[in-house]
Amino acid sequence: MTLDLHKLEHLVAVAEEGGFTRAAERLHLSQQALSTSIRTLERYVGVQLLVRGHQHVAPTPAGQALIDDARALQAQAHAALERTRRIGRGQAGHLRIGHTPAVTAEEVVDLLTRARTEERGIQAHVRQLFPDELRDQLLTGACDLGLSRSMPADPGLTRARIAEHRLRIAVPAGHRLAARPAVALADLNGEPLTVWGESGSSAYTDLLIGLCRQAGVEPDTQRNPVQGTPPITAVSATGRIAFVTTPAGPAGGAAHVIDLDPPVHVPVHALWPAHTTCRDRDVFLSRAGELLGGGGM
């Protein structure tokens, strides 16, 4: 007997739903059939995978390890199926890219242009996703590639730094700093700063706060109440300053973008399902790596 992908799917569903009832509904199975499937899997593995409580079911440490690997296996199986179908249909190269709001759509397009994907016959499909959504889509094989600033590589994912962008500060058009050609991070002391996630729960927010602290600034941060919009909109929505990678100069009339001096750069990381193959992704990553080696962006 080998590991059954269906039984692994059952295990993941029970863990995610926290019990057999909701998992059975999600999988369109009876609770008895699902329970039998999990018991069969536990007998095959030889260890207990779930702790069954009266109100909740949770994975054991061994069960969680198998769940993490199961998600990667599911991604591989899904990617293999989709790749086979595209080849069989004679379809052109196809690269599904998800990016977090911290990486703008314009920056993704610029990366694709620099990697000359169109010339190489690669058709890119790009969409913005919040970090948790991006992680899930990568692990389930719904995305071939993720682009973010600081998302960690969870089990089942591989991460590589492929580019960097110059960090700048956006201020309201009438702000005291708006007329300055450049500012230092130390100049931001006492300024209210808009961020896109709470400290401790957002890797990019933690990166920005860390940069401020290195300059001797303890930032006064507040999470942007408007989520999913380009970073520059945080200024017009809140009247507070924000870190952006937008070019310096006027931005839509309501904000002004100013260079940081000395310059500060933030990374772009690529994430993808570990142990999966994707020729078009490899082409993109290879070219992106050459660009970073040549001095970034």
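This text goes with the structure placed above it.
Being a predicted model, the structure only gives us computed values, none of them experimental.

Enquirer: Please clarify how the packing of helix α1 (residues 5-17) against helix α3 (residues 31-45) should be interpreted in this entry.
Expert: To describe two helices that pack against each other, one gives the angle between their axes and the distance between the axes. In the contact formed by α1 and α3, the axes pass within 9 Å of each other and the chain directions differ by 110°. It follows that α1 is roughly perpendicular to α3 by the angle criterion. By crossing handedness, the relation of α1 to α3 is classed as left-handed. In this structure, α1 contributes K7, L8, H10, L11 and V14 to the contact, and α3 contributes L34, S37, I38, T40 and L41.

Enquirer: Sorry, what's going on with helix α2 (residues 20-27) here?
Expert: Think of an α-helix as 3.6 residues a turn; residues three or four steps apart then line up on the same face. Residues F20, A23, A24 and L27 constitute the buried set of α2. Each buried residue of α2 sits inside an arc of 100° when the element is viewed along its axis, so together they form one side. On the buried face of α2, the contacting elements are α1, α3, β1 (50-52) and β2 (57-59). With its phi angle positive at about 60°, H28 sits one or two positions after the end of α2.

Enquirer: Would you take a moment to explain the pattern of salt bridges for this structure?
Expert: It is possible for side chains of opposite charge to pair when their charged atoms get near one another. Scanning the model with the defined rule gives 18 salt bridges in all. Between R71 and E16 there is a salt bridge, and its shortest N-O distance comes to 2.9 Å. With R71 in helix α4 (residues 61-88) and E16 in helix α1, this residue pair connects regions lying 55 residues apart in the sequence. Two residues, R180 and D187, come together in a salt bridge whose shortest N-O distance is 3.0 Å. Relative accessible area serves as the criterion here: at 28%, D187 is assigned to the partly exposed category.

Enquirer: Whenever I open this one, the environment of Q222 confuses me. Can you help?
Expert: By the element assignment, Q222 lies in strand β9 (residues 220-223). With relative accessibility at 38%, the residue Q222 sits in the partly exposed group. The spatial distance from the C-alpha of Q222 to the C-alpha of L134 is 24 Å, given a sequence separation of 88 residues. If sequence neighbours within four positions are ignored, Q222 has contacts with L193, T194, V195 and R240. A distance of 3.2 Å separates a polar atom in the side chain of Q222 from a polar atom in the side chain of R240.

Enquirer: I'm lost on the pairing of β9 in this one. Help?
Expert: As a general feature of sheets, a regular strand has side chains that alternate between the two faces. Pairing of strand β8 (residues 192-195) with β9, which is carried by 4 bridges, proceeds in the parallel orientation. Paired with L193 across the bridge in β9 is T221. The β-α-β motif built from β8, the intervening helix α7 (residues 203-214) and the parallel element β9 has right-handed crossover chirality.

What counts and how
Residues numbered from 1 in each chain as written. Predicted model: local features only at pLDDT ≥ 70, side-chain atom pairs only at ≥ 80, totals over all residues. Heavy atoms only, no water. Axes fitted to C-alpha atoms, helices over the stretch in contact; angles between N-to-C directions. Helix = DSSP H or I, 4+ residues; strand = E, 2+ residues; numbered from the N terminus. Parallel < 35°, antiparallel > 145°, perpendicular 65-115°, else oblique. Left-handed = near helix turned anticlockwise from the far one by under 90°. Contact = heavy atoms within 4.5 Å. Buried < 20%, exposed > 50% of the residue type's maximum accessible area, 1.4 Å probe, protein only. Arc of directions from axis to C-beta. Salt bridge = Lys/Arg side-chain N within 4 Å of Asp/Glu carboxyl O. Polar contact = N/O pair within 3.5 Å; in protein donor to acceptor, adjacent residues only side chain to side chain. Pairing = 2+ DSSP bridges. Right-handed = clockwise from strand over helix to strand, strands pointing away.

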